[in-house]
Amino acid sequence: MPKSVQQQIGNVALVVENYDDAIEFYTKKLQFTVIEDTDLGGGKRWVQVSPPNSNGTNLLLAQASTQEQSNVIGNQTGGRVFLFLQTNNFWRDYDLMISNDVVFNEKPRIEEYGTVVVFQDLYGNKWDLLQLNNTTE
């Protein structure tokens, strides 16, 4: 590709049961920020949330509108970890999430690449909270 081509993934869509419940979880429990919440009419909204001080991909909250979409809420990846929340201070964020009653699937562990723990969002989607070895505050 020519050097002038620049691309990035702007959003990752997450199918949710309810916009407002999802916004509350991400903003209150994980301290995300609402980037945009635009009414598109007919019960649809364009809702983007993002971790604090993020300069990368946003999470697009997409309320299920069909039975097929409802069937995948909480299991968009067949039970695998779906999203990776990288941090520059694992223990700060882990302790905050514990105090906000976030559900963890395991105890934190030290891996060759960094410190990691699997947690769940309000629908049961699995996430990694991850601090890579080369990112410290």
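For clarity, every value in this text was computed on a predicted model and none was experimentally measured. (Residues numbered from 1 in each chain as written. Predicted model: local features only at pLDDT ≥ 70, side-chain atom pairs only at ≥ 80, totals over all residues. Heavy atoms only, no water.)

So, the overall build of the protein
- A count of helical and extended segments in the protein gives three helices and nine strands.
- Secondary structure elements of the protein, listed N to C terminal, follow the sequence β-α-β-β-β-α-β-α-β-β-β-β.
- Taking 2.2 N^0.38 as the reference for a compact globule, 137 residues should give roughly 14 Å; the C-alpha atoms of the protein span a radius of gyration of 16 Å, in line with that estimate.
- If you line up the protein on its principal axes, its C-alpha atoms span 45 × 45 × 25 Å.
- Among the 137 residues that make up the protein, the fraction classed as buried is 35%.
- Taking all contacts inside the protein whose residues are at least 6 apart in sequence as the whole, residues at least 24 apart take part in 54%.
- For the protein, the separation between the mean place of its 10 positive charges and that of its 17 negative charges on side chains is 4 Å. (Helix = DSSP H or I, 4+ residues; strand = E, 2+ residues; numbered from the N terminus. Rg over C-alpha atoms; globule rule 2.2 N^0.38 Å. Buried < 20%, exposed > 50% of the residue type's maximum accessible area, 1.4 Å probe, protein only. Contact = heavy atoms within 4.5 Å. Lys, Arg positive; Asp, Glu negative; His and termini not counted. Charge placed at Lys NZ, Arg CZ, Asp CG, Glu CD.)

With respect to the UniProt feature "domain: VOC" (unreviewed entry) in the protein
- Residues annotated in UniProt with the feature "domain: VOC" (unreviewed entry) correspond here to residues 8-132.
- Across residues 8-132 one finds 21% helix and 42% strand; the C-alpha atoms that close the span lie 21 Å apart. (UniProt positions renumbered as here; feature names shortened; annotations may be inferred.)

Examining the layout of surface pockets
- Its boundaries defined by the atoms lining it, the largest pocket holds a volume of some 610 Å³.
- Forming the boundary of the largest pocket are 26 residues, of which F32, P51, P52, L85 and Q86 lie nearest the centre.
- For the lining of the largest pocket, the secondary-structure elements that each account for two or more residues are β3 (44-50), β4 (58-63), β5 (81-86), α3 (90-99) and β9 (126-132).
- Each residue belonging to the lining of the largest pocket can be placed in one class, and the counts come to 14 nonpolar, nine polar and three charged.
- Empty space within the second largest pocket amounts to approximately 190 Å³. (1 Å grid on protein atoms, 1.4 Å probe; cavity = no way out; pocket = protein on both sides within 12 Å on 5 of 7 lines; lining within 4 Å. Points joined across faces, edges and corners; volume = space filled by probe spheres on them. Nonpolar A, V, L, I, M, F, W, Y, C, P; charged D, E, K, R; others polar.)

Structural notes on the pairing of β9
- Within β9, five of the seven residues are buried, which leaves the element mostly enclosed by the surrounding structure.
- Examined bridge by bridge, β5 and β9 share five bridges and lie parallel to one another. Following the sheet pairing, V81 is matched in β9 by K126.
- Examined bridge by bridge, strand β8 (residues 114-120) and β9 share seven bridges and lie antiparallel to one another. Residue pairing for β9: F119 is matched across the bridge by W127.
- In sequence, β8 turns back onto β9 through a hairpin of five residues, with G124 there showing a positive phi of about 100 degrees. (Pairing = 2+ DSSP bridges.)

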